[in-house]
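Overview (structure and organization)
The lines below spell out each chain.
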Amino acid sequence: MSDPTSGAAKDFLSHLDHLIRRGRQLRDLLASDPSSSSAVVATRAWQQDCAAIINQLSGGSKAHWLARSYSEAFLMRSTAGRFVSEATPAEIADRIVDVLDRAVASLSQMGDGEAVPTSSDAAPPVRRFAFVHNTELRPIVEQAYSDSRRAFDQGRYRMALLTACGILEAIVTDALEHKGLGALAADGTPAGRIAEWSFEARLAAAEGAGLIRTGHARLPPLARRYRDLAPADGEPGPEGTVSERDARLAGQVL
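Residues numbered from 1 in each chain as written. Predicted model: local features only at pLDDT ≥ 70, side-chain atom pairs only at ≥ 80, totals over all residues. Heavy atoms only, no water.

1. Considerations on the nonpolar core
Counted only if it meets this: What is meant by a nonpolar core is a set of buried Ala, Val, Leu, Ile, Met, Phe, Trp, Tyr and Cys residues, joined one to another through side-chain atoms within 4.5 Å. With a 1.4 Å probe rolled over the protein chains alone, any residue whose accessible area is under 20% of its type maximum counts as buried; one over 50% counts as exposed, and the rest are partly exposed. A helix here means a DSSP run of H or I that spans at least four residues, while a strand means a run of E at least two residues long, and both kinds are numbered starting from the N terminus. The contact rule is simple, with two residues in contact once any of their heavy atoms fall within 4.5 Å.
Grouped together as the largest cluster of nonpolar side chains are 72 residues, with contacts concentrated most on Trp 46, Ile 96, Leu 100 and Leu 168. Sorting elements by how many residues they give to this core places helix H6 (residues 157–179) first, with 12 residues. Excluding anything up to four places from it in sequence, Leu 100 contacts Leu 16, Leu 19, Ile 20, Trp 46, Cys 50 and Ile 54.

2. With respect to the layout of surface pockets
Going by this rule: A pocket here means an open set of points on a 1 Å grid, computed over the protein atoms alone, that has protein on both sides within 12 Å along at least five of seven lines. A cavity is instead a set of points where a 1.4 Å probe fits but cannot get out; residues with an atom within 4 Å of a point line either one. Grid points are joined across faces, edges and corners, and a volume is the space filled by probe spheres set on the points. Only Asp, Glu, Lys and Arg are considered charged, only Ala, Val, Leu, Ile, Met, Phe, Trp, Tyr, Cys and Pro nonpolar, and every remaining residue, Gly among them, polar.
A volume near 370 Å³ is recorded for the largest pocket. As for the largest pocket, its lining consists of 20 residues, of which Phe 131, Ile 171, Val 172, Leu 211 and Ile 212 are closest to the centre. Elements that contribute at least two residues to the lining of the largest pocket include exactly H6 and helix H10 (244–253). Residues that form the lining of the largest pocket fall into these classes: 10 nonpolar, five polar and five charged.

3. Things to note about empty space enclosed by the protein
Under the definition given, this model contains one cavity of 30 Å³ or more. Approximately 40 Å³ is the volume attributed to the largest cavity. Lining the largest cavity are Arg 22, Ala 42, Ala 45, Ile 140, Val 141, Ala 144, Gly 166 and Ile 167. Residue assignment for the lining of the largest cavity shows that the elements contributing at least two residues are helix H2 (37–57), helix H5 (138–153) and H6.

4. Thoughts on the packing of H6 against helix H8 (residues 199–208)
Pairs of packed helices are described in terms of their axes, by the angle between the two and the distance that separates them. Put simply, the test is: Every axis in this analysis is a line fitted to C-alpha atoms, fitted for helices over the stretch in contact. Angles between the N-to-C directions lie between 0 and 180 degrees. Angular relationships are summarised with four words: roughly parallel below 35 degrees, roughly antiparallel beyond 145, roughly perpendicular across 65 to 115, and oblique for the angles in between. The sense of a crossing depends on the near helix, which, turned anticlockwise from the far helix by less than a right angle, makes the crossing left-handed and, turned clockwise, makes it right-handed.
Relative orientation of the contacting elements H6 and H8 amounts to 50°, with a least axis distance of 10 Å. In this view, H6 runs oblique relative to H8, as classed from their interaxial angle. Of the two possible hands of crossing, H6 and H8 adopt the one that is left-handed. Here Cys 165, Leu 168, Glu 169, Val 172, Thr 173 and Leu 176 of H6 lie close against H8, whose contacting residues are Phe 199, Arg 202, Leu 203, Ala 205 and Ala 206. Within the contact of H6 with H8, the residues separate by chemical class into eight nonpolar, one polar and two charged.

5. Things to note about the pattern of salt bridges
Filter applied, for reference: Take a side-chain nitrogen of Lys or Arg and a carboxyl oxygen of Asp or Glu: if they are within 4 Å of each other, that pair is a salt bridge.
Per the stated rule, a full pass over the model turns up 15 salt bridges. One salt bridge connects Asp 49 with Arg 22, and the closest N-O pair in it is separated by 2.9 Å. In this pair, Asp 49 is assigned in helix H2 and Arg 22 in helix H1 (residues 6–32), connecting sequence segments 27 residues apart. Under the relative-accessibility criterion, Asp 49 is labelled buried at 0%. Note that Asp 94 is salt-bridged to Arg 27, the shortest N-O span being 2.9 Å. In this pair, Asp 94 is assigned in helix H4 (residues 89–108) and Arg 27 in helix H1, connecting sequence segments 67 residues apart. Taking the relative accessible area as the measure of exposure, Asp 94 reaches 35% and is therefore partly exposed. Arg 27 gets classed as partly exposed once you look at its relative accessible area, which sits at 23%.

Structural data, given as structure tokens:
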């Protein structure tokens, strides 16, 4: 693992703590309702944040033990000793949390004796999402919002944008699920399940149904295709280039 300074180590430990908290909440939510589209979207945003910090801590090397452990969290070992893609979303979330716990343990050993900060250290103000219908999803998006603001303040604009867009899609999906496909069909929404709709389709459907206003029109093009910025197979990807302006706009729309 790279050798961060004391201040950088504290930042990493604080962010890992937040990701672990979100992961445990998502694991419980997925275990109770694995078919929830909003939970799936929130989980994807969380996995993107996890991949980004794993990539930083492993120095961008997929051969690093931390990067390998993260990738293997998406797989399940068969009795024959081969990997097969059969792990449930809740199991995957639990495995990723275990990898993050191992990252905390490894990073803590590299410190200079300073206490590991709690999640409240230098934490951004908590924004409440009381309008989210799924009560189990509320603390998850609240924590994700704090993570997004922290990432922006630290100049990690890619992570800030990915998290902000993931939150936006999760809360829009929650609103669509609450209204129901039957009611949405009258508004000319796409065919198929909500889980199959693109980010753009969900935004358009929510606006058409009067669930959101037109503020999403301010989203920069990069934010509208935010899913393409994150790896689809769980591999920690490169940071990429996201401008401060794009990250700020995504956060403002949220």
